[in-house]
Each structure stands twice: as C-alpha cells, then as structure tokens.
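Chain residues, written in single-letter form:
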Amino acid sequence: MFYYMLKYVLLGPFLRLLFRPRAEGLDHVPAKGAAIVAGNHLSFVDPLLMPAVLKRRITFLAKAEYFTAPGLMGRLTALILRGAAQISVDRSGRAAGQPAIREGLGVLAKGQLLAIYPEGTRSPDGRLYKGKAGVAVMALAAQVPVIPCAMVGTFEIWPSGRVLPRLPPVTIRFGEPLDFSRFAGMEHQKTVLRAVTDEIMYAILRMSGQEYVDRYAADVEAGQAKGRRG
C-alpha cells in the first residue's frame, strides 16, 4: 500500500513534474509475469525515477548504504526504500550478498518485476562499468527474461558528491527482453555467468551511449579514495 501511496500521491507526481522523465520502450516491459530490469546507475534519483514511469510495481535490489545514508536526502531515501519493501544488499562479500539474492528470487517466484544495477554502485564519472554476475545468477535460476534499461541524463542531475540537483532532460529507455533460456541450469558455471552478464551490459551500453570501462566501479572508487588519502 505504501508503495502505491508513494507512486501516485506522495512522491511520483512530484518527481514527474520536477524532472519530466521521458520513457521509451515501455512496451518491452511485460504487463504481467516475472522479469528482471537491469539498468545503468548514474545518480541518487535513478531508483526513484524508474518506478515513476512504470505501470507495474517493481522491487529494487539496493545497496545497504542507501538504507543508512546520512543527511536529509539520505534519511528520506532510506524511509522510502524501507516503506516500499525494497531489498537491501550487503556488498561486503559474495556470502554476505546471498540473502539479497534469495529475496530477489522470491520476488520473481511471485511473478513480479525485480530491478538490479549490475554495476553494483553508482558510476563515479558517468561511464558504464563492468557488471557483476548476480544478475545472471538470478536470471538463470529463475528462468526469467532480462529487460535492459538505460538512464540518460541523470548523471547530470545528481552525480555522486553533489548536494543539490540540476534539471536537465531525462530519458529512461527500456530495451527488448533478453532471453537466456539456452543457459538454463548453468547458473553455477562462471564462464556462462560472465557471458550472460556481458551481454546484458552490452545491451545497456548500446542504449545509453556511455563509454564502457572493463573494471568494476567499486574498485575504481576504492582507488580514488586511496589516492585522496595518500
């Protein structure tokens, strides 16, 4: 109930009025049945704007830090995520992230939409980074299609480290569903998981027009933080 209050009364109308997001390819999102929406992650507002343009409810796998972020916007985001029953992901290690994957599979088992950012964190510089294989694990285990999604313009709105937003045009593109049924039962094979993840990231890349970096964004962020401390 709180999800729909946010979407239609408390938050959605405000977001659509303020940012005026344009949605493309909404017909690629199935009207019913389970599917994963896998997108690039450029800004704090990404997980707020995508639900605002979708007709169906969607559950996000969101990094745990979003649930404990400081400041007014951080507390507001945590309140929204908890109230809308979004899933917290512990990124401290593979084992720590397993409960979130199980919860995500539970969402898919109910025939619902699940959203995930394969990069694992926001892009530090607007480029598209290497995807982590969790999205492939869930797609193969649940045997559901993956809908690539490209957020365009949100890095300029609210990039990491910026306090107040700008208001450039925003486009949210949904691509044709990717079918990985040919890999059914192979969710434990690392080479298959890498191939599936890379195919998803390539689809996002084609729609977003970003420059691609074959490194994990978290590693780049860690290197930048170490450089600042040094």
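The rules behind these values
Residues numbered from 1 in each chain as written. Predicted model: local features only at pLDDT ≥ 70, side-chain atom pairs only at ≥ 80, totals over all residues. Heavy atoms only, no water. Pairing = 2+ DSSP bridges. Helix = DSSP H or I, 4+ residues; strand = E, 2+ residues; numbered from the N terminus. Axes fitted to C-alpha atoms, helices over the stretch in contact; angles between N-to-C directions. Buried < 20%, exposed > 50% of the residue type's maximum accessible area, 1.4 Å probe, protein only. Contact = heavy atoms within 4.5 Å. Salt bridge = Lys/Arg side-chain N within 4 Å of Asp/Glu carboxyl O. Parallel < 35°, antiparallel > 145°, perpendicular 65-115°, else oblique. Nonpolar A, V, L, I, M, F, W, Y, C, P; charged D, E, K, R; others polar. Core = buried A, V, L, I, M, F, W, Y, C linked by side-chain atoms within 4.5 Å.

### A few points about the sheet that holds strand β7 (residues 146-152)
Here is step 1: Ordered in space as β1-β8-β7-β2-β5-β3-β4, the seven strands form an open sheet in which the pairing is mixed. Two strands close off the open sheet at either side, each with one partner strand: β1 (22-24) and β4 (87-89). Put simply, the sheet's adjacent strands are angled 25 degrees from each other on average, direction ignored.
Here is step 2: With four bridges connecting them, β7 and strand β8 (residues 171-174) associate as antiparallel partners. The partner of C149 across the bridge, within β8, is F174.

### With respect to the side chain of S208
Here is step 1: Checked against the element boundaries, S208 lands in helix α8 (residues 190-208).
Here is step 2: Assessed through its relative accessible area of 13%, S208 is described here as buried.
Here is step 3: When neighbours within four sequence positions are excluded, S208 is seen to be in contact with N40, A150 and V152.

### Some thoughts on the pattern of salt bridges
Here is step 1: Throughout the structure, instances matching the rule amount to six salt bridges.
Here is step 2: D125 is paired through a salt bridge with R127; the nearest N and O atoms lie 3.0 Å apart.
Here is step 3: Of the charged contacts, one joins R127 and E211 as a salt bridge, the two residues approaching to 3.5 Å between their closest N and O atoms. Pair noted here: R127 is in the loop between β5 (113-116) and β6 (128-129) and E211 is in the loop between α8 and β9 (212-213), with a separation of 84 residues, a long-range link.

### Examining the packing of helix α1 (residues 2-10) against helix α2 (residues 12-19)
Here is step 1: The geometry of α1 relative to α2 is characterised by a closest axis approach of 4 Å and an angle of 45 degrees between their N-to-C directions. Relative to α2, the element α1 lies oblique. Of the residues in α2, those touching α1 at L6, K7, Y8, V9 and L10 are G12, P13 and R16.
Here is step 2: Tallied by class, the residues present in the contact of α1 with α2 amount to five nonpolar, one polar and two charged.

### Regarding the pairing of β8
Here is step 1: Bridging between β1 and β8 involves three bridges; their strand directions are parallel. Within the sheet, the bridge partner assigned to R22 lies in β8 and is T171.

### What to know about the pairing of β5
Here is step 1: Residues L113 and A115 line one face of β5 and the alternating positions L114 and I116 line the opposite face, and both faces are buried.
Here is step 2: Pairing analysis gives four bridges linking strand β2 (residues 35-39) to β5, with the strands arranged parallel. Within β5, the residue paired with I36 across the bridge is L114.
Here is step 3: Judged from the three bridges that link them, strand β3 (residues 58-63) and β5 form a sheet pairing that is parallel. Bridging from a neighbouring strand, F60 pairs with A115 of β5.

### A look at the nonpolar core
One recurring pattern in soluble globular proteins is that nonpolar side chains are buried together.
Here is step 1: Ranked by size, the top nonpolar core spans 31 residues in total, and within it I36, L61, V146, F180, V196 and I200 carry the most contacts.
Here is step 2: Taken together, the elements giving at least two residues each to this core come down to β2, β4, α5 (94-109), β5, α6 (134-142) and α8.
Here is step 3: Among the elements that line this core, the one with the most residues is α8, at eight residues.
Here is step 4: Other than its neighbours up to four places away in sequence, L61 contacts I87, V89, A100, L114, A115, I116 and M138.
Here is step 5: Core analysis: the second largest hydrophobic core is formed by 27 residues, L113, A115, V170 and I172 among them.

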